[in-house]
Protein chains: 2
Amino acid sequence: MSTTDNAFAIGVDLGGTTVKSGLVSPTGEIKYHNKFDSKSEQGPDTTIEQIALSIQDVLDHGNGGAVIGIGIGAPGVVDNNGYVKAPPNLARWDAIPLARKLQKQFGGVSINVENDANCAAIAESKFGAGKEYSDFLFIIWGTGIGGGIILNRKLYRGPSGGAGEVGHISIDYDGPLCGCGARGCVEAYIGQKYLSQRTVEKVKAQPSSLILKLVGGDYGKIEPVYISKAAEAGDELARSILTEAGTLLGVAIGAVMNTMDLRVSVLGGGVSAAGDLVTNAVQDSVRAHVLKPLRDDIRVIQSRLGNNAGILGAAGLVL
Amino acid sequence: MSTTDNAFAIGVDLGGTTVKSGLVSPTGEIKYHNKFDSKSEQGPDTTIEQIALSIQDVLDHGNGGAVIGIGIGAPGVVDNNGYVKAPPNLARWDAIPLARKLQKQFGGVSINVENDANCAAIAESKFGAGKEYSDFLFIIWGTGIGGGIILNRKLYRGPSGGAGEVGHISIDYDGPLCGCGARGCVEAYIGQKYLSQRTVEKVKAQPSSLILKLVGGDYGKIEPVYISKAAEAGDELARSILTEAGTLLGVAIGAVMNTMDLRVSVLGGGVSAAGDLVTNAVQDSVRAHVLKPLRDDIRVIQSRLGNNAGILGAAGLVL
């Protein structure tokens, strides 16, 4: 057994609700993992304590293997100095030097922090569907639409670490207002909240849809998971809603492909898990929106890492 | 005088109508330049002969200075093997290994070929408005909308050399059909032909506009240069047309900024020469379409290299 077989990394997936940490082998096996409440409503100091507890718990279960580093995936922009800036679901985090704050407690081990969508892109590149592609765009389709760009098997962070904000590509300059203040951002069409709202309107016009049965007639409960379930069961309205959403996402992905000369996109996040219907709609739309030399090579594929992508990608920062 | 002061490059700007070549110093001075007919209607062999004549003419006027290399800016995609692929205004150029074809005649000197918009971006980075920025998006706004991306003072070509096709970013998924086959490409709104067509419709509804006077009442002659002239003279319709065009361009540039984490865009090409009115409209629009952390740093500036950008950028390939 070589020494590197023992060289594990700790990956930390920080979210608004939970902190998840895992002990990850160089080949992407999660040997142990846990889940802590992030207590984000209590502000950064408490959340940082929760992160520390979660990391310590992994160290305590490490069975003596060497830990070569700790990677943390955090929401928000992570700048070149390791400051986590204005993460949407963490209260009062204006700009927190997260690695530095944790370094005291875990003195001997290097700590790296990166944006969570970027971490998930790294996970796809090292361990997932992106493994066989040296260049691709990763998309996380959930509450919002995030992205991470892999060039030559490395993360492209951009000059200040803010790259990959593909959810705020406008696909209609005269479109609906997005939470960010701009018009027609693709997120304002297909981010979870917006997609749910749009679906409510459509179900009201077509209340025979299975979607309404699945939420027990309660319009307020309509969200992507039920649209997906209804689509799987063959509901025509649900299928058309997901196809349209995939088509709209493809317009934004096409913009990235034309700009950066990319061909492959890996889709992750809850909505994309709806499967081939969505993946194919996105792929058809990307093909229709890129220049001819790219068209035949366009591939849109689904992530297979699921909930582990966060831990794996964070560990990938140091592996 | 050091030896490098004598180390000139030859820059060749290949277009559908003319081949222009120049002898360029390391500081971007054009010591001599010429212009030949590209005879593009006679096919690639004839055009390649014209390029060779143009290069030889520069060599003949070189006054004995050492030529360290020849750079050629060509329309179309230039792939990683130096093949010029399907340039829009050159007849029957499916895929021509341009450097290799010229190498026989200019054996001792290295020849590099790059896409013309990418060359112009290099010119801005080395000698022009982009000199003080390590990362920016260059836009050429003429017949079409092209782009070149400079990252860390180097050209970003993308995995296969096709990067920067920002003219085909869709700014309305349900917009007008572009020549490329997609809907809503920004080029289909503001490329020279499309902008002229849109202006004709507007002038018909408002024939008192100075634009119509400038073309002697001939709608068929309406093109951007007259819109710019009318705008300069204060014509309200012309000003609103250019402001709208700049605003639309800003939507596409915003998509690139959000994706690649860029802040600066340099505008070149005939239409952008209209001046502050256009530049400011683009800048306001980019600011409105990027995420907050980028907003204050957004700068849209005008190229000052003019017609020499092609020769300078091509020379920049080897300098």
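Residues numbered from 1 in each chain as written. Chains lettered and ligands numbered in written order. Predicted model: local features only at pLDDT ≥ 70, side-chain atom pairs only at ≥ 80, totals over all residues. Heavy atoms only, no water.

Asks: Can you break down the overall build of chain A residue by residue, with the values?
Replies: A count of helical and extended segments in chain A gives 11 helices and 13 strands. On C-alpha atoms alone, chain A measures out to a radius of gyration of 20 Å, which is about the 20 Å that the 2.2 N^0.38 rule sets for 319 residues. Its C-alpha atoms put chain A at 60 × 45 × 35 Å along the principal axes. Sorting the 319 residues of chain A into buried and exposed places 57% on the buried side. Sequence separation of 24 or more characterises 60% of the internal contacts of chain A that already satisfy a separation of 6 or more. Here chain A displays about 13000 Å² of accessible surface, and carbon together with sulfur accounts for 47% of that area. Put simply, chain A has 29 plus and 32 minus side-chain charges, and the middle of one group is 1 Å from the middle of the other. (Helix = DSSP H or I, 4+ residues; strand = E, 2+ residues; numbered from the N terminus. Rg over C-alpha atoms; globule rule 2.2 N^0.38 Å. Buried < 20%, exposed > 50% of the residue type's maximum accessible area, 1.4 Å probe, protein only. Contact = heavy atoms within 4.5 Å. Areas by Shrake-Rupley, 256 points an atom, 1.4 Å probe, with all protein chains shown as cover. Lys, Arg positive; Asp, Glu negative; His and termini not counted. Charge placed at Lys NZ, Arg CZ, Asp CG, Glu CD.)

Asks: Provide a residue-level description of the pairing of strand 8 (residues 111-115) of chain A, including the pertinent values.
Replies: All names here are of chain A. Most of strand 8 sits out of view: four of its five residues are buried. Here strand 4 (residues 67-74) runs beside strand 8; their pairing, made up of five bridges, is parallel. The residue of strand 8 that forms the bridge with Gly73 is Glu114. (Pairing = 2+ DSSP bridges.)

Asks: Can you tell me about the environment of Asp79 of chain A, naming the residues and giving the values?
Replies: Residues and elements named next belong to chain A. Examined against the element boundaries, Asp79 turns out to sit in the loop between strand 5 (77-78) and strand 6 (83-85). For Asp79, a relative accessible area of 12% gives the class buried. Separated by 80 residues in the primary sequence, Asp79 and Pro159 place their C-alpha atoms 9.4 Å from one another. Beyond its immediate stretch of four places on either side in the chain, Asp79 contacts Lys85, Arg157 and Ser160.

Asks: Which residues make up the environment of Lys229 of chain B, and what values go with them?
Replies: All names here are of chain B. By the element assignment, Lys229 lies in helix 7 (residues 224-232). Overall, Lys229 belongs to the partly exposed group, its relative accessible area being 46%. In the structure, Lys229 is positioned 31 residues away from Arg198 in sequence and 17 Å away in space, judged by C-alpha atoms.

Asks: Go over the packing of helix 5 (residues 192-205) of chain B against helix 8 (residues 236-260) of chain B, please, and point to the residues and values.
Replies: All names here are of chain B. Where helix 5 contacts helix 8, the axes come no closer than 11 Å and their chain directions differ by 140 degrees. For the crossing formed where helix 5 meets helix 8, the hand is right-handed. Residues Leu195, Arg198, Thr199, Lys202 and Val203 of helix 5 pack against Leu237, Ile241, Glu244, Ala245 and Leu248 of helix 8. Of the residues belonging to the contact of helix 5 with helix 8, the class tally is six nonpolar, one polar and three charged. (Axes fitted to C-alpha atoms, helices over the stretch in contact; angles between N-to-C directions. Left-handed = near helix turned anticlockwise from the far one by under 90°. Nonpolar A, V, L, I, M, F, W, Y, C, P; charged D, E, K, R; others polar.)

Asks: Residues and numbers for the interface of chain A and chain B, please.
Replies: With 38 residues of chain A at the contact, the number on the chain B side is 38 residues. For the pair chain A and chain B, the two sides together bury roughly 2900 Å², of which 60% comes from carbon and sulfur. Looking at the side of chain A facing chain B, the largest losses of area belong to Tyr173, Thr259 and Asp261 of chain A, adding up to 22% of the total buried there. If you look at where chain A meets chain B, you find zero salt bridges. Where chain A meets chain B, there are 19 residue pairs in polar contact (both at pLDDT 80 or more). Of all the elements in the fold, those that place two or more residues in the side of chain A that touches chain B are strand 10 (145-151), helix 8 (236-260) and helix 9 (276-289) of chain A. In terms of residue count, the dominant contributor to the side of chain A that touches chain B is helix 8 of chain A (seven residues). (Buried area = accessible area lost by both parts, 1.4 Å probe. Salt bridge = Lys/Arg side-chain N within 4 Å of Asp/Glu carboxyl O. Polar contact = N/O pair within 3.5 Å; in protein donor to acceptor, adjacent residues only side chain to side chain.)

Asks: Outline the packing of aromatic side chains, listing residues and values.
Replies: Applying the stated criterion across every chain, the model contains two aromatic pairs over all chains. Aromatic pair Tyr173 of chain A and Tyr189 of chain B: ring centres 5.8 Å apart, planes at 90 degrees, arrangement edge-to-face. Of the two residues, Tyr173 of chain A is situated in the loop between strand 11 (154-156) and helix 4 (187-190) and Tyr189 of chain B in helix 4 (residues 187-190); the pairing between them involves two chains. Here Tyr189 of chain B falls in the buried class, since its relative accessible area comes to 3%. When the ring centre of Tyr194 of chain A is taken as reference, the NZ or CZ atom of Lys193 of chain A above it lies at 4.9 Å. (Phe/Tyr/Trp six-rings, centres within 6.5 Å; stacked < 30°, edge-to-face > 60°. Lys NZ or Arg CZ within 6 Å of the ring centre and 35° of its normal.)

Asks: I'd like a description of unusual backbone geometry, backed by residues and values.
Replies: Residues and elements named next belong to chain B. Even without being glycine, Lys39 reaches a positive phi, approximately 45 degrees. Tracing the backbone through its elements, the reader meets Lys39 in the loop between strand 3 (30-37) and helix 1 (44-60). One non-glycine residue, Arg153, lies in positive phi territory at about 65 degrees. By the secondary structure assignment, Arg153 is in the loop between strand 10 (145-151) and strand 11 (154-156).

Functional significance is not addressed by these values, which are geometric in nature.
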